[in-house]
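Per-entry structural report
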Amino acid sequence: MPLPTPFYLIDETALDRNLALVDRLRAASGAKCLLALKCFATWSTFEQIAPHLDGTTSSSLNEVKLGREKFGGETHAYSVAWSDGEIDEAIANADKIIFNSISQFERYGAKAAHIPVGLRVNPGVSHSHFDLADPARPYSRLGEWDIERIEAVIDRVSGFMLHCNCENDSLEAFAALLDQFEAKLGHLLERLDWVSLGGGIHFTKPGYPIAALAARLRAFAERFGVQVYLEPGDTLVTDTTTLEVSVLDVVDNGKAIAIVDSAVEAHMLDLLIYRQSAAVAPDAGTHSYVIAGKSCLAGDVFGEFSFPEPLTIGSRISLLNAAGYTMVKKNWFNGVAMPAIAIRRRNGAVDLVREFGYADYVASLS
Ligand SMILES: *Cc1c(COP(=O)(O)O)cnc(C)c1O
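Residues numbered from 1 in each chain as written. Predicted model: local features only at pLDDT ≥ 70, side-chain atom pairs only at ≥ 80, totals over all residues. Heavy atoms only, no water.

The name an unreviewed UniProt entry gives the protein is Carboxynorspermidine/carboxyspermidine decarboxylase, with Devosia crocina as the organism.

Below is the structure:
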């Protein structure tokens, strides 16, 4: 019996492939790699992922606690702004804490005197295809920009976090950014013990020159005498997970439209935010359909795809790339049934690891 849809299906073998690339990068570069939980926090996979990484990084207290409890290794605590009510618990669960501003550092740094303390620095350069996700956009609040102000506190911090990339699949572009960091911040970097270069480097993309990336990272680490960290999110889970849906109805309003048991806004929200289309494979054949969700949103459309056979009620469709920034953002909009979570094991068996029902919907509000 196939599992009832909708469900997210994580493929262990595909994850193995990405994790093997992480192993190569870590071994060749000396860099440590931390999973960025804001991208992917499906903790039933952590047993598989954790042996290949050094720990986790976070963007909130909840993520700090999840990293500590479910992943292990080094737990880096970062947040754009900690509150008085969170800071003690964050520090208690962290191996390092990174402040986003000097004012947060001055407010809370003394509480963290027993662990390494870092500062997010914004070098003012970045690589991002979207203004929405560009840390160096005008007036960005992500990190300290002012070199003189940073210099004034540098003796009290042991590292910097420089997260400036988003979906960067070009080593040349990344290396050019690193050149700029070196030129602008070199005199500060040599006074540190560690530097986190953040996430956004798409080194699992087929053909990415991992050996050359590793050499560039090693040269950076040696030049400044620092331990380099990377904080991959998306690249770790890319092409590992699908959203499995079924066709509920087929209508024709000028185009053939297949309505499925899912909704873009509820289950693949980033497609709406970044105005992108979902993907199916192989997306070939003579039968073309708009694949649309079952929510009331007029623009609840996954995309327009080609299929080898006509779609009928009950046809199953796999929507690709449903892990990064997808499972962490699922929500109860329209009360649409929440996709279950399943894992395809290396031997092909599919295990259902989590189901959601009416009680979860009720519990999400009061
Ligand atoms: C989002 C984020 C990451 C992860 O970025 P990916 O693009 O998913 O690799 C890492 N570090 C920080 C500080 C982030 O904000």
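Next comes the rest of the account.
**Some thoughts on the UniProt feature "domain: Orn/DAP/Arg decarboxylase 2 C-terminal" (unreviewed entry) in the protein**
As annotated by UniProt and renumbered to match this structure, "domain: Orn/DAP/Arg decarboxylase 2 C-terminal" (unreviewed entry) occupies residues 131–322. Helix and strand shares over residues 131–322 are 28% and 23% respectively, and the end C-alpha atoms of the span are 23 Å apart. (UniProt positions renumbered as here; feature names shortened; annotations may be inferred. Helix = DSSP H or I, 4+ residues; strand = E, 2+ residues; numbered from the N terminus.)

**Focus on the site of the ligand**
The environment of the ligand is formed by Ala-36, Lys-38, Cys-39, Met-161, His-163, Gly-199, Gly-200, Glu-231, Pro-232, Gly-233, Asp-234 and Tyr-325. In this structure, an oxygen atom belonging to the ligand sits 2.7 Å away from a side-chain N or O atom of Lys-38. For the ligand, an oxygen atom lies 2.9 Å from a polar atom in the backbone of Gly-233. Taken by itself the ligand offers 390 Å² of open surface, and the protein chains cover 89% of this. (Near = heavy atom within 4 Å. Polar contact = N/O pair within 3.5 Å; in protein donor to acceptor, adjacent residues only side chain to side chain. Areas by Shrake-Rupley, 256 points an atom, 1.4 Å probe, with all protein chains shown as cover.)

**Examining the sheet that holds strand S3 (residues 55–57)**
The strand order around the closed barrel built from eight strands is S2-S3-S4-S5-S6-S7-S8-S9, with neighbouring strands paired in parallel fashion. Averaged over neighbouring strand pairs, the angle between their axes works out to 25° when direction is ignored. Taken together, the three bridges between S3 and strand S4 (residues 74–79) define a ladder with parallel strand orientation. Bridged to Thr-57 within S4 is His-76. Packed on one face of the sheet, helix H3 (residues 61–71) meets strand S2 (32–36), S3 and S4 and runs near 170° to S4. (Pairing = 2+ DSSP bridges. Axes fitted to C-alpha atoms, helices over the stretch in contact; angles between N-to-C directions. Contact = heavy atoms within 4.5 Å.)

**Digging into the nonpolar core**
Formed by 94 residues in total, the largest nonpolar core has its most connected members in Trp-82, Ile-97, Phe-160, Leu-197, Ile-291 and Ile-317. The greatest single-element share of this core, amounting to eight residues, is contributed by helix H7 (residues 171–189). Here this core spans two domains, since at least three of its residues come from each of domain 1 (12–236) and domain 2 (241–322 + 330–364). Formed by seven residues, the second largest nonpolar core is a distinct cluster that contains Leu-34, Tyr-78, Ile-98 and Tyr-229. (Core = buried A, V, L, I, M, F, W, Y, C linked by side-chain atoms within 4.5 Å. Buried < 20%, exposed > 50% of the residue type's maximum accessible area, 1.4 Å probe, protein only. Domains from an automatic or database assignment.)

**Examining the pairing of strand S11 (residues 256–260)**
Sheet topology note: the strand S10 (residues 241–252)/S11 ladder contains five bridges and is antiparallel. The residue of S11 that forms the bridge with Asp-252 is Ala-256. Between S10 and S11, which pair antiparallel one after the other, the connecting turn spans three residues, and Gly-254 there sits at a positive phi close to 95°. In this sheet, strand S12 (residues 287–292) lies alongside S11 in parallel orientation, the contact comprising three bridges. Across the sheet, residue Ile-257 finds its bridge partner in S12, namely Val-290.

**Overview of the UniProt feature "binding site: substrate" (unreviewed entry) in the protein**
The UniProt feature table records "binding site: substrate" (unreviewed entry) at Asp-270. Locating Asp-270 in the fold gives a position in helix H11 (residues 269–273). Taking relative accessible area as the criterion, Asp-270 reaches 16% and is therefore assigned buried. Excluding residues within four positions of it along the chain, Asp-270 makes contact with Arg-275, Tyr-325 and Lys-329.

**What about the packing of helix H1 (residues 12–29) against helix H8 (residues 210–224)?**
Contact geometry of H1 with H8 gives a least axis separation of 8 Å together with a crossing angle of 35°. Considering how the two elements wind past one another, H1 and H8 form a crossing that is right-handed. Two secondary-structure elements touch here, H1 through Leu-21, Arg-24, Leu-25, Ala-27, Ala-28 and Ser-29 and H8 through Ile-210, Ala-211, Leu-213, Ala-214, Leu-217 and Arg-218. Residues belonging to the contact of H1 with H8 are distributed by class as follows: nine nonpolar, one polar and two charged. (Left-handed = near helix turned anticlockwise from the far one by under 90°. Nonpolar A, V, L, I, M, F, W, Y, C, P; charged D, E, K, R; others polar.)

**Let's talk about the pattern of salt bridges**
If you walk through the whole model with that rule in mind, you get 24 salt bridges. Between Lys-32 and Glu-74 there is a salt bridge, with the nearest N and O atoms lying 3.1 Å from each other. You can see Lys-32 sitting in strand S2 and its partner Glu-74 sitting in strand S4, a full 42 residues away along the chain. Between Asp-131 and Arg-137 there is a salt bridge whose closest N-O contact spans 2.9 Å. Note on Asp-131: relative accessible area 48%, which makes it partly exposed. Under the relative-accessibility criterion, Arg-137 is labelled partly exposed at 32%. A single network of salt bridges, built from pairs that share partners, joins Glu-12, Asp-16, Arg-345, Arg-346 and Asp-351. (Salt bridge = Lys/Arg side-chain N within 4 Å of Asp/Glu carboxyl O.)

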